[in-house]
Amino acid sequence: MKSYTPGHQSDDHSVIPSRRDFLKVAGGGFGALAFSAMVAGESSAAIHHPARAKRVIQIFCPGGMSQVDTFDYKPELEKRAGQPFDPDGKLQFFASKPGNCQPSHWKFRQHGESGLWMSDLFPKLATCVDDMAIINSMHSKTALHGPACFMMNTGFTLPGFPSMGSWVTYGLGSEAKDLPAFVVLPDPRGLPPGGIINWGAGFLPAEHQATMLETANPKQPIADLFPPEEFAGNSRQVDPEQLQFLQQLNRLHQESRQTNSELEARIKAYEMAARLQLSAPEVTDVGQESETIRNLYDIEHPESGPFGRQCLLARRLVQRGVRFVQIYCGAENTTAKKIRPNWDSHEDVVRDHGYWGAVLDNGASALLKDLKQQGMLEDTLVICTTEFGRQPGAQGGEGKGRDHNAGAFTAWLAGGGIRGGMSYGATDELGFKAVESPTYCYDLHATALHQLGIDHTKLTYYHNGIERRLTDVHGHVIQEIIA
């Protein structure tokens, strides 16, 4: 009974485990660890077909970005502006009764050679439209922030399942020796809805969970990587004999706990931490970049600068072999002070989307242009998504907000063998519900894995009597958006 399907394919298409696969199963992971040490430098990637992408950068916009204010142009919604969205009074939105039809708060225009529609909320990103495939028919199983974020990240609305980044690194390993394979750059304002579970490894070996990088603190980019300032006088040079003794104690402790992947991951984490003390400060030092690049990301801007820095760090990380980087554009869902801390615009779309739109527009456009001029876009898959969309009917006493909408939202992809300058799927004439090629996260995940050379039906892990996979029992590759 197999617990890891990536491996060599036989003529009858059954999976023949590789030596590493066999040792991983037979020895609870430790045989594979020893074997890996014996063949240091050998790639751990298990490719099912030729890959178009080597790495992934995913931008996640928590809170629920409004599709009808960004990428999904609805002329009929403009015609019905001010008319009751639900004249019969039978509908109930997530947290409100439907108000009047509310068209986009920003004008839509066609851009690029492709003539794709995009709103004026994204003037910089509009210049990249010919590199983007826009999926206008995304939908979710839930309109609750936490479960919807889990679904987009792990394929399940319940917590405890491995994230896409964990699945990718489990299947392909890492190209970086001194950096983690999977890195998350949270918004400086805080964690997203659902917190760190969004990038957890679930039941996969714990080493595949993400390492969180603190972009706002270059002196301590990873929590507790360096001693506190009050110990600054102490040398970081540790007696090698002390380190060797600690390693012996760790391994003795490990011998009687060989099925505990968290312990194995903890030991590996400490070993990685020693290397990170050198590599993390280097990769987070954006001062090494030219002034032209720093200006492109506008990292000194008081509002959009932090996200610009996140995007620049993402490029620096994948450039150094990190397999999967996830960037958050927005934090936990709370009530507004000056603005909402994410895209959850119940009270005032112009206020909140106006702010976050400028933030995303600056950083995402800079990332695509930088990757392209570095020659990296062709094998770097960039994904931008949110957990669900917003309603085409107005919300609130003043009609300035929009309620949650699990029935329709937009995601886009670029690079990594994706066909640019095209849209896929469609919502109804008002942008209320996906009606043409409705697309779940399973299809998005299957397509991303496909571009990385992985068949999503073959990347599995045996857990509690079930062969689990990222796409559960669903999903298909969206061939139409592949170049």
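Above this note sits the structure.
Everything in this summary refers to the structure shown in the same document. Everything numeric in this text was worked out from a predicted model, so none of it was measured.

Each value, and the rule that gives it
Positions within a chain are numbered from 1, following the residues in the order the chain's sequence is written. Only residues with pLDDT of at least 70 get local features here, since the model is predicted, and only at 80 or more are side-chain atom pairs given and counted; chain-wide, interface and lining totals rely on the full set of residues. Hydrogens are left out, water is left out, and the side-chain values use all remaining heavy atoms of the structure. Secondary structure is summarised from DSSP: a helix means a run of H or I of at least four residues, a strand means a run of E of at least two, and numbering begins at the N terminus for each. The classification of residues rests on relative accessible area computed with a 1.4 Å probe and restricted to protein chains. Under 20% of the type maximum is buried, over 50% is exposed, and intermediate values are partly exposed. Residue contacts are counted whenever heavy atoms from the two residues lie within 4.5 Å of one another. Every accessible area reported is derived by Shrake-Rupley at a probe size of 1.4 Å, with residue values counting cover from the shown protein chains alone. Pairs of strands are assigned from DSSP output, requiring at least two bridges between the strands. Axes here refer to lines fitted to C-alpha atoms; in helices the fit is confined to the stretch in contact. Angles between the N-to-C directions go from 0 to 180 degrees. Only buried residues count toward a nonpolar core, which is a set of Ala, Val, Leu, Ile, Met, Phe, Trp, Tyr and Cys residues joined through side-chain atoms within 4.5 Å. Residues with no salt bridge and a relative accessible area higher than 30% make up the patches, which join like charges within 9 Å and nonpolar side chains (Val, Leu, Ile, Met, Phe, Trp, Tyr) within 5 Å. One speaks of a salt bridge when a side-chain nitrogen belonging to Lys or Arg is within 4 Å of a carboxyl oxygen belonging to Asp or Glu. Should an angle fall under 35 degrees it is called roughly parallel, over 145 degrees roughly antiparallel, and 65 to 115 degrees roughly perpendicular, with every other angle called oblique. Rotating anticlockwise by less than a right angle from the far helix to the near helix defines a left-handed crossing, while the corresponding clockwise rotation defines a right-handed one. Residues were grouped as follows: Ala, Val, Leu, Ile, Met, Phe, Trp, Tyr, Cys and Pro as nonpolar; Asp, Glu, Lys and Arg as charged; and all remaining residues, including Gly, as polar. Aromatic rings from Phe, Tyr and Trp, taking only the six-membered ring of Trp, are treated as a pair when their centres fall within 6.5 Å; an angle between ring planes under 30 degrees marks them as stacked, one over 60 as edge-to-face, and anything in between as tilted. A ring is considered to have a charge above it if a Lys NZ or an Arg CZ atom is located within 6 Å of its centre and within 35 degrees of its normal. By convention in this document, the label disulfide applies to cysteine sulfur atom pairs within 2.5 Å. Polar contact is defined as a pair of N or O atoms within 3.5 Å, subject to the rule that within protein one atom must be able to donate a hydrogen and the other to accept it, and that residues adjacent in sequence are counted only when both atoms are side-chain atoms.

1. Quick notes on the overall build of the protein chain
Argument step 1. Per the secondary structure count, the protein chain includes 11 helices and 18 strands.
Argument step 2. In the protein chain, which comprises 483 residues, the proportion classed as buried is 54%.
Argument step 3. In the protein chain, of all internal contacts separated by at least 6 residues, the share reaching a separation of at least 24 is 74%.
Argument step 4. In the form shown here, the protein chain has an accessible surface area of approximately 21000 Å², with 52% of it arising from carbon and sulfur atoms.

2. Things to note about the sheet that holds strand β9 (residues 324-328)
Argument step 1. Read from one edge of the open sheet, eight strands run β8-β7-β9-β3-β10-β13-β6-β14, paired in mixed fashion. Of all the strands in the sheet, just β8 (211-212) and β14 (422-424) have a single pairing partner and so form its edges.
Argument step 2. Of the pairings in the sheet, the one linking strand β10 (residues 380-385) to strand β13 (residues 409-414) comprises three bridges and is antiparallel in character. Looking at β13, one finds that I383 is bridged to L413.
Argument step 3. This element, helix α9 (residues 305-319), spans β3 (55-60), β7 (182-185) and β9 of the sheet and lies at about 180° to β9.

3. Let's talk about helix α5 (residues 164-172)
Argument step 1. Counting buried positions along α5 gives nine out of nine residues, so the element sits mostly inside the fold.
Argument step 2. Turning to α5, its buried residues number three or more, namely M164, G165, S166, W167, V168, T169, Y170, G171 and L172.
Argument step 3. The positive-phi residue at the C-terminal boundary of α5 is G173, with phi of around 70°.

4. Some details on unusual backbone geometry
Argument step 1. In this structure, S437 takes a positive phi of about 55° despite not being glycine.
Argument step 2. Backbone geometry at D472 places phi at a positive 55°, although glycine is not the residue there.
Argument step 3. By the element assignment, D472 lies in the segment after β18 (466-469).

5. Observations regarding the pairing of β9
Argument step 1. Within β9, five of the five residues are buried, which leaves the element mostly enclosed by the surrounding structure.
Argument step 2. Of the two faces of β9, the one holding F324, Q326 and Y328 and the one holding V325 and I327 are both buried throughout.
Argument step 3. When β7 meets β9, the two strands line up parallel, connected through four bridges. Across the sheet, the residue bridging to V184 is Q326, located in β9.

6. What to know about the nonpolar core
Argument step 1. By size, the foremost hydrophobic cluster in this structure holds 54 residues, and its most contacted members are I59, M132, L360 and W412.
Argument step 2. If near-sequence neighbours (up to four positions away) are discounted, W412 is found in contact with F71, L125, M132, A133, I134, A364, L368, V382, I383 and C384.
Argument step 3. Counting residues in hydrophobic clusters, the runner-up holds 47 residues, among them F203, A411, C441 and L470.

7. Describing a nonpolar patch on the surface
Argument step 1. Residues L191, I196, I197 and M212 make up a contiguous nonpolar surface patch of roughly 320 Å² in combined accessible area.
Argument step 2. Tracing the sequence through the fold places I196 in the loop between β7 and β8.
Argument step 3. Since its relative accessible area comes to 49%, I196 is described here as partly exposed.

8. Re the packing of α9 against helix α10 (residues 349-373)
Each packed pair of helices is defined by two parameters, the angle between the axes and the distance between the axes.
Argument step 1. Running from N to C, α9 and α10 cross one another at 25°; their axes reach a closest spacing of 8 Å. Taken as axis vectors, α9 and α10 run roughly parallel relative to one another. The two elements α9 and α10 meet at a crossing, and its hand is right-handed. Counted together, F307, G308, C311, L312 and R315 of α9 and V359, L360, N362, G363, A364, L367, D370 and L371 of α10 form the full contact between these two elements.
Argument step 2. Among the residues forming the contact of α9 with α10, the class breakdown is eight nonpolar, three polar and two charged.

9. Some words on the packing of aromatic side chains
Argument step 1. A full pass over the atoms with the stated rule returns 17 aromatic pairs.
Argument step 2. Taken together, the aromatic side chains of F156, F161, W167, Y170, F203 and Y461 make up a single cluster linked through ring pairs.
Argument step 3. Stacked on the ring of Y440, the Lys or Arg K141 has its end atom at 5.8 Å from the ring centre.

10. Considerations on the state of the cysteines
Covalently bonding the sulfur atom of one cysteine to the sulfur atom of another cysteine gives a disulfide.
Argument step 1. Applying the stated criterion across every chain, the model contains zero disulfides.
Argument step 2. Of all cysteine sulfurs, the one in C384 lies closest to C61, which takes part in no disulfide; the gap is 4.1 Å.
Argument step 3. Residue class for C61 comes out buried when judged on its relative accessible area of 0%.

11. Some points on the side chain of R402
Argument step 1. With respect to the secondary-structure elements, R402 resides in strand β12 (residues 401-405).
Argument step 2. Of note is the side chain of R402, whose polar atom sits 2.7 Å from the side chain of D69.
Argument step 3. Within polar-contact distance, the side chain of R402 engages the backbone oxygen of P103 at 3.0 Å.

12. Some points on the pattern of salt bridges
Argument step 1. Across all of its chains, the model carries 19 salt bridges by this definition.
Argument step 2. Among the charged side chains, a salt-bridge network with shared partners connects R340, D344, E347, R351, D352 and R390.

13. Examining helix α11 (residues 441-451)
Argument step 1. By the criterion of burial, α11 is predominantly enclosed, with 10 of the 11 residues buried.
Argument step 2. Turning to α11, its buried residues number three or more, namely C441, Y442, D443, L444, H445, A446, T447, A448, L449 and Q451.
Argument step 3. Residues of α11 that are buried sit in contact with β6 (132-138), α4 (145-154), α5, β10 and β13.
Argument step 4. Remark: G453 follows α11 within two positions and exhibits a positive phi of approximately 90°.

14. Let's talk about the side chain of T386
Argument step 1. Here T386 is to be found in the loop between β10 and β11 (389-395).
Argument step 2. Taking the relative accessible area as the measure of exposure, T386 reaches 1% and is therefore buried.
Argument step 3. One polar contact links the side chain of T386 to the main-chain amide nitrogen of G64, over a distance of 3.4 Å.
Argument step 4. Polar contacts involving the side chain of T386 include one to the main-chain amide nitrogen of M65, which spans 3.1 Å.

Remember, this is a structural readout, not a statement about activity or role.
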